[in-house]
Amino acid sequence: VVLSILNHPEYGTTLSRADGMFDLAVNGGGQFTMIYQKAGYLPAQRPIATTWQDYAWLPDVALIPYDARVTTIDLAAPAPIQVARGNPVTDGDGTRQATLFFRQGTTATLRLPDGSTQPLTTLSVRATEYTVGPSGPTAMPAPLPATTAYTYCAALTVDEAVTAGATTVQFSAPVVTYVENFIGFPVGGIVPLGYYDRQRAAWVPSDNGRVIKILSITAGL
């Protein structure tokens, strides 16, 4: 794994060894954010407080590969709604499958690290869940805030954005995300949502979702 310090290119990079250990020298006495990166895997970040003339240890981190299921979304297509789904996931908490709905007329824009933007009409969409099985907590993109419980977390990514090194993909209309209520929350309740901003190394709140119930299915609808 390639390791570096967020916003500190002067410290360079290092590689983890076969046992997962690594060493990286920094000027002690401050708070840093370690970046873990490997091609084909979702990146992760971990904060670390350093002291002078001493070693600081980070917690175990497990990088997970991007979901193998890719859905092509053509934003210029005439379909009222296009659907992208990740692979189904099953563990001790149950079975679920992340689903995204793209409405007709939605446009997408890549925002690059230098602040420039680039329109995108065809998306290769993946949905990769972090919170799977006993290794889920170590696979999280970053530690959760103290007031947030570990529940469900997924990376919703676009291959074209990853290849371009974009910081975000901005949509002109909401892309609705649905996941089965495998935890059993009460119908009608809110679902607090947030996302991790890797440039700010911070969790950012989003509009709440809602717990809904499908009342019936007729002819697959």
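First things first, this report covers the structure right here in the doc. All values reported here derive from a predicted model rather than from experimental measurement. (Residues numbered from 1 in each chain as written. Predicted model: local features only at pLDDT ≥ 70, side-chain atom pairs only at ≥ 80, totals over all residues. Heavy atoms only, no water.)

## Some details on the environment of serine 116
Then, in step 1: Within the secondary structure, serine 116 sits in the loop between strand E10 (108-111) and strand E11 (117-120).
Then, in step 2: As a C-alpha pair, serine 116 and threonine 14 span 102 residues in sequence and 29 Å in three-dimensional space.
Then, in step 3: Excluding anything up to four places from it in sequence, serine 116 contacts Leu110 and Arg111.
Then, in step 4: Polar contacts involving the side chain of serine 116 include one to the side chain of aspartate 114, which spans 2.6 Å. (Helix = DSSP H or I, 4+ residues; strand = E, 2+ residues; numbered from the N terminus. Contact = heavy atoms within 4.5 Å. Polar contact = N/O pair within 3.5 Å; in protein donor to acceptor, adjacent residues only side chain to side chain.)

## With respect to the sheet that holds strand E12 (residues 122-129)
Then, in step 1: Read across the open sheet, the three strands follow the order E5-E12-E13; overall the sheet is antiparallel. Looking at strand neighbours, the two that pair on one side only are strand E5 (71-74) and strand E13 (154-158), the edges of this open sheet. Strand-to-strand twist across the sheet, computed as the mean angle between neighbouring axes with direction ignored, equals 30°. (Pairing = 2+ DSSP bridges. Axes fitted to C-alpha atoms, helices over the stretch in contact; angles between N-to-C directions.)

## Here we look at unusual backbone geometry
Then, in step 1: Here asparagine 7, not a glycine, exhibits a phi torsion of approximately 65°, which is positive.
Then, in step 2: Residues other than glycine seldom take positive phi values, yet alanine 219 does so here, at roughly 55°.

## Considerations on the side chain of threonine 99
Then, in step 1: As for its placement among the helices and strands, threonine 99 is situated in strand E9 (residues 99-103).
Then, in step 2: Of note is the side chain of threonine 99, whose polar atom sits 3.3 Å from the backbone oxygen of glutamine 97.
Then, in step 3: Those residues in contact with threonine 99 that lie beyond four places of it in its chain are Val83, Ala84, Arg85, Val176, Thr177 and Tyr178.

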